[in-house]
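# Report on the structure
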Amino acid sequence: MQIFKGVLKASGLGIAGYCGYQFGKFRFQGFQYSSLLEIQLNTFSQDYLKRVRLTENRPVFNFFRQQLRLLQLMIIFFPVLISFPLYYIKKDLWLNLLVRTLEYAGPLWIKLGQWASHRSDIFGQEVVNKLAQLRDHSEAHSFKDTLKIYKDEFKVDLEKEIQIESKEPLASGSIGQVYRGKYKNQDVAVKVRHPNVLTHLRSDLEILYNVSNIICYIPFLKNLAMPVTFEEFSQTLMNQVDFRFEAQNLDILNDNFKKTPEVVFPRVIRASESVLIETFEEGVHLQKFDDQQGKKIIANLGLKAFYKMLMLDNFIHADLHAGNMLIRTESVNESIFAQIPDYIFQQVQKLINLIPTYTHTNYSLLEEEQKRDEQQYWDEVYNSKKNNKKYKLILIDPGMVTILTYNDRVQFIKLIMFVVLKQPHNCSELMLSLTRPEYKITEEQKVNFEKDIEDIFTKLCSVPLYKMDLGLIFKGMLDILNRNKLNIEGHFATLLTNMMILESIGRKLDPNLNIVSKASPFIYMASKFDDGISNLLNIRFA
């Protein structure tokens, strides 16, 4: 009888524990990412990126203006071209000269360098690292010009609508500059495009297009894939120049994250081609944030936000470097009673994590990683609340976004899975399938590529999953593509680069960050709409 009561009591505790775990898991997802509980299959296509087009007047003197600009650019780039042999002797010195020249040449060339910094599959990692240092700044235009541009756009005086804090801008980039002000008792940021920037960009784009057509006939430069590569860049640039495109992006991102208060985007108040008025989001730049406890939480939020944009929304902020991330710390005055549910879940989670997994499938492998990660995250959240703190991640300047085709989206998820499951052959096959269709891959290239991928897996994948450095693995893959004179579709390369940048930032914030576990819930959700991913998850392992 005593044994029966003991068994009954243990069963009751087990059921209660399991219910507590499920409730806690639901609360965890609801607290962090409510949208994880829904399958959001937004139907964005890459045509979205081509919707914004700028009107243009073509005066008779366009031709002569272009010739003068060409002459000016030849003078500017002459030192870089004549000193190119220095690249093979003092590479760092020549690359520094290239960066300074691009900054001096103007907005298009700065943006060209920044775009190229996402394409290590074409230019190689050393060049890409140097181009990433490009400073997107230029001399500010006068406040008088700002007043004129605003009135031309909205047919009303700026100072009648907005109380500008200072006539000196907070920052001035290659495309425009930003002011802080008050609009209807609300703090706002006012972005104003530089006057004549569009005229200069069009002239430079026409010149660049002609150059790209010449490059495609030079044998050792064929792997740059011009003019296709040029078309990708010009599309990205013209979208960034029209502030209506950024406003659309912000509206979409705010809608996608409306159930996720921990991730913040500025809200659009008013927008035109040359002026964007948005909420001013107060925060500390990532480089200046020194709260050690907050760093771990922000690292988690940043990676989960990226995976959400990639795997659930298919609408990805494609310029997620440290300068576009702010952190806001808010005070939380919760009573000790309000913290009891979090504490109970924390303890139940520890007990559940002790229960071994008996279904040996790839999903159970990911689930184990997620369990460990959830426990660490909740420890940090609970401790931060004890210290009366709450952290928010603010993402700004989504002028550049990436939208994948359905096939590319599934392929990217499979790529992550093949790395996690340590399958170099499948990984190399998938990477080769992503190369541009104009490439004719020889059997020798294929064999060499597969061997290089196997070497990377041997070197970097022989560690436990939670220690695996996905960013370093993807970097190695792009280097291999570059060595074999192959390159993949631009949006895919941009996505890989952004993931590498985010992982690097995340590990600086939290050296113990588990990259794989962050992806696991999103991979599981993605498996709901693709049988190939679902089959990968359900394969049993030894």
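Scroll up to find the structure this text is about.
Residues numbered from 1 in each chain as written. Predicted model: local features only at pLDDT ≥ 70, side-chain atom pairs only at ≥ 80, totals over all residues. Heavy atoms only, no water.

### A short note on the packing of helix α15 (residues 406-420) against helix α16 (residues 424-433)
Our working rule: In this analysis an axis means a line fitted to C-alpha atoms, helices contributing only their contacting stretch, and an angle means the value between N-to-C directions, from 0 to 180 degrees. Helix numbers and strand numbers start at the N terminus; a helix is a DSSP run of H or I with at least 4 residues, a strand a run of E with at least 2. Any angle from 65 to 115 degrees is called roughly perpendicular, while one under 35 is roughly parallel, one over 145 is roughly antiparallel, and all others are oblique. The handedness criterion is simple: a crossing whose near helix is rotated anticlockwise from the far helix by less than a right angle is left-handed, and one whose near helix is rotated clockwise is right-handed. Contacts are assigned to residue pairs with any non-hydrogen atoms lying within 4.5 Å of each other. All amino acids are sorted into three groups, where Ala, Val, Leu, Ile, Met, Phe, Trp, Tyr, Cys and Pro are nonpolar, Asp, Glu, Lys and Arg are charged, and the leftover types, Gly among them, are polar.
Running from N to C, α15 and α16 point in directions that differ by 155°, and their axes come no closer than 9 Å. As summarised for this structure, α15 and α16 are arranged roughly antiparallel, according to the angle between their axes. Handedness of the α15/α16 crossing: left-handed. Residues Gln411, Lys414, Leu415, Phe418 and Val419 of α15 pack against Asn426, Cys427, Leu430, Met431 and Ser433 of α16. Of the residues contributing to the contact of α15 with α16, the split by class is six nonpolar, three polar and one charged.

### Quick look at the pairing of strand β6 (residues 268-271)
Which entries qualify depends on this criterion: When DSSP finds at least two bridges between two strands, those strands are taken to pair.
Where β6 meets strand β7 (residues 275-279), three bridges bridge the pair, whose relative direction is antiparallel. Within the sheet, the bridge partner assigned to Ala271 lies in β7 and is Leu276. Connecting β6 to the next strand, β7, in antiparallel fashion are three residues.

### A few points about a nonpolar patch on the surface
Definition in use: To count toward a patch, a residue needs a relative accessible area above 30% and no salt bridge. Like charges then connect within 9 Å, nonpolar side chains (Val, Leu, Ile, Met, Phe, Trp, Tyr) within 5 Å. What sets the accessible areas is the Shrake-Rupley method with a 1.4 Å probe; for residues, cover comes only from the shown protein chains. Whenever Lys or Arg places a side-chain nitrogen within 4 Å of a carboxyl oxygen from Asp or Glu, that contact is recorded as a salt bridge.
Together, Phe84, Tyr88 and Ile89 make up an exposed nonpolar region whose accessible area comes to about 380 Å². Structurally, the position occupied by Ile89 is in the loop between α2 (62-82) and α3 (91-105).

### Description of empty space enclosed by the protein
Operational definition: Using only the protein atoms, space was sampled on a 1 Å grid; points where a 1.4 Å probe fits but cannot get out form cavities, open sets with protein on both sides within 12 Å along at least five of seven lines form pockets, and lining residues are those with an atom within 4 Å of a point. Grid points are joined across faces, edges and corners, and a volume is the space filled by probe spheres set on the points.
Enumeration over the complete set of coordinates arrives at three cavities of 30 Å³ or more. There is about 70 Å³ of room inside the second largest cavity. As for the second largest cavity, its lining consists of Leu286, Ile298, Ala299, Gly302, Leu303, Met325, Leu393, Leu502, Ile505, Gly506 and Leu509. Where the lining of the second largest cavity is concerned, the elements lending two or more residues are α12 (292-313) and α19 (490-509). The residue inventory of the lining of the second largest cavity, partitioned by class, reads nine nonpolar, two polar and no charged.

### Quick look at the state of the cysteines
For clarity, the cut-off: Disulfide assignment relies on a single distance test, namely cysteine sulfur atoms paired within 2.5 Å. With a 1.4 Å probe rolled over the protein chains alone, any residue whose accessible area is under 20% of its type maximum counts as buried; one over 50% counts as exposed, and the rest are partly exposed.
In total, this model carries zero disulfides according to the counting rule given. We note that Cys427 lacks a disulfide partner, and the nearest cysteine sulfur, in Cys461, lies 8.2 Å from it. Take Cys427: its relative accessible area is 0%, and that puts it in the buried class. The exposure class of Cys461 is buried, given its relative accessible area of 3%.

### A short note on helix α18 (residues 470-483)
For clarity, the threshold we go by: Multiplying 1.5 Å by the residue count of a helix minus one yields the expected span of that helix.
Across its 14 residues, α18 extends 20 Å between first and last C-alpha, which sits within 8% of the 20 Å expected from 1.5 Å per residue. Here α18 lies mainly inside the structure; ten of its 14 residues are buried. Listing the buried residues of α18 in full gives Leu470, Gly471, Ile473, Phe474, Gly476, Met477, Leu478, Asp479, Ile480 and Leu481. Just downstream of α18 lies Lys485, where phi reads positive at about 55°.

### Points about the environment of Asn249
With respect to the element layout, Asn249 can be found in helix α11 (residues 243-256). Judged by relative accessible area, which is 0%, Asn249 ranks as buried. Sequence separation between Asn249 and Gly399 is 150 residues, and the spatial gap between their C-alpha atoms is 7.2 Å.

### Regarding the packing of α3 against helix α4 (residues 107-116)
Orientation of α3 relative to α4, taken along the N-to-C sense of each, is 140°, at an axis distance of 5 Å. The orientation of α3 relative to α4 falls into the category oblique. Between α3, through Leu102, Glu103 and Ala105, and α4, the contact on the second element is made entirely by Trp109, Ile110 and Gly113. Tallied by class, the residues present in the contact of α3 with α4 amount to four nonpolar, one polar and one charged.

### A short note on the pairing of strand β3 (residues 176-183)
Burial of β3 is extensive: six of the eight residues sit out of reach of the surface. Pairing of strand β1 (residues 163-164) with β3, which is carried by two bridges, proceeds in the antiparallel orientation. Bridge pairing links Gln163 to Lys182 in β3. Bridge analysis of strand β2 (residues 171-172) against β3 gives two bridges, and the strand direction is antiparallel. When the sheet's bridge partners are listed, Ala171 is paired in β3 with Val178. Hairpin connection between β2 and β3: a loop of three residues separates the two successive antiparallel strands. One ladder, built from eight bridges, connects β3 with strand β4 (residues 186-193); its direction is antiparallel.

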